[in-house]
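Geometric and topological summary
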Amino acid sequence: MEAWRNLQNKPTYAIVFFIGLALFLSSLQLTIRYVSTFETREGFVPYDPFMTYLPAVDMSAYIFLLLYGTVIFAAFYFIQDPKILLTFAFTFGFMYYIRALCITLVPFNEPASLIPLSDPFIEKLGVYQAFVKRDLFFSGHFASVFIPYLILRKIRFNWVFLASAVAMGIMIMFQHIHYSYDIFGAIVFSYLSYYLADKLIAKFQF
């Protein structure tokens, strides 16, 4: 690919990429090891008018297919362009660190009508010993399909990612695993994470 061949004259890319990769992997480790500790913390249940009127519906299978389908579709574009791949690593790394901070500062308890989300991939890997239900503000599921929309805004089929984000937001609300505040928060902090990553990478002129 032409974009990758052009990196031969930019040896700093490898250094920046490994920094971004380390940020991303460490943020995942933080999410797995730290965020799950809040399951025993007592917080509060916010008033959410949307949650009051939406019936609780198990949409685990659809959420699973949409999440991983969107990630695979996005990966097709990420691997074609080294700058986009770098933006992906830093944006998700920033997002997961910011999310851990937000969950620390905003102690939401889960909705009383919550339906546990079944994720065969996570369950087979044994990432969590039990379903994590208090990692609420903000939604990592929504952010994971909304961030590709931000990064890939110039591609022809970018509307697919926006549609996926809207569908994800609706489904996790019906599953009652997130409040509407978690969706709105994910929009704000996904933008912030992308902004920080984009400004940082722009300094290297890849």
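Owing to the predicted nature of the structure, the values given are computational and were not obtained by experimental measurement.

Moving on to the overall build of the protein chain. Scanning the protein chain for helices and strands turns up nine helices and zero strands. Against the 2.2 N^0.38 benchmark of 17 Å for 206 residues, the protein chain shows a C-alpha radius of gyration of 18 Å, consistent with a compact globule. Along the first, second and third principal axes, the C-alpha atoms of the protein chain reach 55 × 35 × 30 Å. Sequence-distant contacts in the protein chain: of pairs separated by 6 or more residues, those separated by 24 or more amount to 89%. Of the roughly 11000 Å² of accessible surface on the protein chain, 69% is carried by carbon and sulfur atoms.

For helix H4 (residues 60-78), with 19 residues, the first-to-last C-alpha span of 27 Å sits near the 27 Å given by 1.5 Å per residue. Turning to H4, its buried residues are Ser60, Ile63, Leu66, Leu67, Thr70, Ala74, Tyr77 and Phe78. Projected onto a plane normal to the axis of H4, the buried residues spread over an arc of 135 degrees and lie on a single side. Along H4, exposed side chains directed more than 90 degrees from the buried face belong to Leu65 and Ile72. Buried residues along H4 sit in contact with helix H5 (82-105), helix H7 (140-151) and helix H8 (158-174).

Before going further, it helps to spend a moment on the nonpolar core. In terms of nonpolar packing, the biggest core is built from 53 residues, with Phe78, Phe138, Ile151 and Leu152 touching the most fellow members. Broken down by element, the residue count for this core peaks at 10 residues, all from H5. Residues in contact with Leu152, not counting those within four places in the same chain, are Ala74, Tyr77, Phe78, Ile84, Asn158 and Phe161.

Next up on the list: the side chain of Ser139. Position of Ser139 relative to the elements: it lies in the loop between helix H6 (120-125) and H7. From its side chain, Ser139 meets the backbone nitrogen of Phe142 in a polar contact 3.1 Å long. For Ser139, the residues in contact, after removing those within four places along its chain, are Arg99, Ile172, His178, Asp182, Ile183 and Ala186.

It is worth spelling out the packing of H7 against H8 at this point. With their axes 8 Å apart at the nearest point, H7 and H8 run at an angle of 165 degrees to one another. Taken together, H7 and H8 sit at an angle that is classed as roughly antiparallel. Crossing angle aside, the handedness with which H7 passes H8 is left-handed. In contact with His141, Phe142, Val145, Phe146, Pro148 and Tyr149 of H7, H8 contributes Asn158, Phe161, Leu162, Ser164, Ala165, Met168, Gly169 and Ile172.

Cut-off values and rules
Position numbers for residues start from 1 in each chain and track the written sequence from start to end. With the structure being a predicted model, the display of local features is reserved for residues of pLDDT at least 70 and the display and counting of side-chain atom pairs for 80 or more, all residues being used for whole-chain, interface and lining totals. Values shown for side chains rest on all heavy atoms present in the structure; no hydrogens or waters enter the calculation. To qualify as a helix, a DSSP run of H or I must reach at least 4 residues; to qualify as a strand, a run of E must reach at least 2; elements of each kind are numbered from the N terminus. C-alpha atoms define the radius of gyration in this analysis, and the globule rule sets the expected value at 2.2 Å times the number of residues to the power 0.38. In what follows, a contact means two residues having at least one pair of non-hydrogen atoms within 4.5 Å. Per-residue and other accessible areas follow the Shrake-Rupley method at a 1.4 Å probe size, with only the shown protein chains counted as cover for residues. The span one expects for a helix is its residue count, reduced by one, times 1.5 Å. Using a 1.4 Å probe on the protein chains alone, a residue whose accessible area is under 20% of its type maximum counts as buried, one over 50% counts as exposed, and one in between counts as partly exposed. Think of the arc as the fan of directions from the helix axis to the C-beta atoms. We call a set of buried residues a nonpolar core when its members are Ala, Val, Leu, Ile, Met, Phe, Trp, Tyr or Cys and they connect through side-chain atoms within 4.5 Å of each other. In protein, a polar contact means a hydrogen-donor-capable atom and an acceptor-capable atom, both N or O and within 3.5 Å, with residues adjacent in sequence counting only if both atoms are side-chain atoms; elsewhere, any N or O pair within 3.5 Å suffices. In this analysis, axes come from line fits to C-alpha atoms, helices being fitted only over the stretch in contact, and the angle between any two N-to-C directions falls in the range 0 to 180 degrees. Here the angle decides the label: under 35 degrees means roughly parallel, over 145 means roughly antiparallel, 65 to 115 means roughly perpendicular, and every other value means oblique. Definitions for this section: a left-handed crossing has its near helix turned counterclockwise from the far helix by less than a right angle. A right-handed crossing has that turn clockwise.

Fair warning: the whole summary comes from geometry, so function is off the table for now.
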